[in-house]
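Examination of the molecular architecture
Each chain, letter by letter, is given below.
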Amino acid sequence: MDNTQYPPGPPGAPGAAGGPVMAIPNAVGRLAAQRNFGPFLDIRREVPVSEALIKGWGTAGVSFGLMILVSWIASDTGVFSLARSILRFFALIFFFMFVWGLVYGIRGLVVGSRVHYLFSGGLVHSRRSGLRAVAWPEVAVLKSVYNRRQQGSEGKVLGYRVESRDGSSFTIPLALVNGRDAFIDQVVGNLRAHNRPIQ
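Residues numbered from 1 in each chain as written. Predicted model: local features only at pLDDT ≥ 70, side-chain atom pairs only at ≥ 80, totals over all residues. Heavy atoms only, no water.

Here we look at the overall build of the protein
Secondary structure assignment for the protein yields four helices and nine strands. Taken from the N to the C terminus, the helices and strands of the protein come in the order β-β-α-β-α-α-β-β-β-β-β-β-α. Within the protein, the fraction of its 199 residues that count as buried is 36%. Considering only intrachain contacts with a sequence separation of at least 6, the fraction spanning at least 24 residues in the protein is 56%. (Helix = DSSP H or I, 4+ residues; strand = E, 2+ residues; numbered from the N terminus. Buried < 20%, exposed > 50% of the residue type's maximum accessible area, 1.4 Å probe, protein only. Contact = heavy atoms within 4.5 Å.)

And the structure:
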């Protein structure tokens, strides 16, 4: 199995005394060691491909079946009846759910699994195309990613985009627990300690 338990980090961190033991891929551990990133602190996983396919295509399949069923029932009602209008409304809802599920599954299949490994000296970003390591001093800026409600209007924060000095970037999704995201808090703290801009 191409995984290894990384050397213990600070108390409470994955692998630390009293903290949860965390196995990370050997390739990630080797890259972090080559870059002298120090102890492994935390991990942030995005939606796995299998979960995206089950959730997306499962929703699409159920929605498609319900859409066909509702449309069939509606065909037996009067053309201008209230029941037909209501059933067609629900059929339209199931159609949009079908499209959403189909797109969600395809996106998961195309994008692949993404994982972010947090070390005391930087981040290792894993995606289908390979690994990318960014030390804190190499970060050009950390930018908030918003859900755009409408053009020119900023909605809630969805995540944070790490932009490196070489022009590459990747986004870390926000995952709040009791109003805080411990992973993002550590990233922000390390970047502030290295006087990197945060927007």
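Some remarks on the nonpolar core
Soluble, globular proteins show a tendency: their nonpolar side chains are buried together. Ranked by size, the top nonpolar core spans 16 residues in total, and within it Leu118, Leu123, Leu142, Val162, Ile172 and Val187 carry the most contacts. Among the elements that line this core, the one with the most residues is helix H4 (residues 182-193), at five residues. Every residue in contact with leucine 118, bar those within four places of it in the chain, is listed here: Pro39, Phe40, Leu41, Asp42, Leu123, Trp136, Phe183, Gln186 and Val187. Counting residues in each nonpolar core, the second largest holds 13 residues, with Phe37, Val115, Val124 and Ala133 among its members. (Core = buried A, V, L, I, M, F, W, Y, C linked by side-chain atoms within 4.5 Å.)

Things to note about the sheet that holds strand E6 (residues 130-135)
An order of E3-E4-E5-E6 is seen for the four strands of this open sheet, with the pairing classed as antiparallel. With one partner strand each, in any of the chains shown, strand E3 (40-45) and E6 form the two edges of the open sheet. Strand-to-strand twist in this sheet, taken as the mean axis angle between neighbours without regard to direction, amounts to 15 degrees. For strand E4 (residues 115-119) and strand E5 (residues 122-127), the ladder comprises five bridges, and the chain directions are antiparallel. The residue bridging phenylalanine 119 from the neighbouring strand is glycine 122, located in E5. Contacts between helix H1 (residues 26-34) and the sheet are confined to E4, E5 and E6, with E6 contributing the most and set at about 30 degrees to the helix. On top of the sheet, H4 reaches E3, E4 and E5; it is set at about 125 degrees to E3, its chief contact. (Pairing = 2+ DSSP bridges. Axes fitted to C-alpha atoms, helices over the stretch in contact; angles between N-to-C directions.)

Thoughts on the pairing of E6
Note that E5 and E6 share six bridges and pair antiparallel. The residue of E6 that forms the bridge with histidine 125 is arginine 132. Counted between consecutive antiparallel strands, the loop separating E5 from E6 contains two residues.

A word on the packing of aromatic side chains
As enumerated under the stated definition, the model contains six aromatic pairs in all. With a centroid separation of 6.2 Å and an interplanar angle of 45 degrees, the aromatic rings of phenylalanine 37 and phenylalanine 119 are classed as tilted. Placement of phenylalanine 37 in the loop between H1 and E3 and of phenylalanine 119 in strand E4 is noted, with a sequence separation of 82 residues between them. For phenylalanine 37, a relative accessible area of 1% translates into the label buried. In this structure phenylalanine 119 comes out as buried when scored by relative accessible area, which is 0%. Pairing phenylalanine 89 with phenylalanine 90 gives two aromatic rings, centres 5.8 Å apart and planes at 75 degrees, and the pair type is edge-to-face. (Phe/Tyr/Trp six-rings, centres within 6.5 Å; stacked < 30°, edge-to-face > 60°.)

Topic: the pairing of E4
Remember that side chains alternate between the two faces of the sheet whenever the strand is regular. A large share of E4 lies buried, amounting to five of its five residues. Residue alternation in E4 divides its side chains into two sets, Val115, Tyr117 and Phe119 and His116 and Leu118, and both sets are buried. In terms of strand pairing, E3 meets E4 through five bridges, oriented antiparallel. In the strand pairing of E4, arginine 44 is matched with histidine 116.

Observations regarding unusual backbone geometry
Phi is positive for asparagine 36, which is not a glycine, with a value near 55 degrees. Within the secondary structure, asparagine 36 is located in the loop between H1 and E3. In this structure asparagine 36 comes out as exposed when scored by relative accessible area, which is 68%. Here asparagine 178, not a glycine, exhibits a phi torsion of approximately 55 degrees, which is positive. When you line up the elements, asparagine 178 lands in the loop between strand E9 (169-173) and H4.

No statement about biological role is implied by the geometric values presented.
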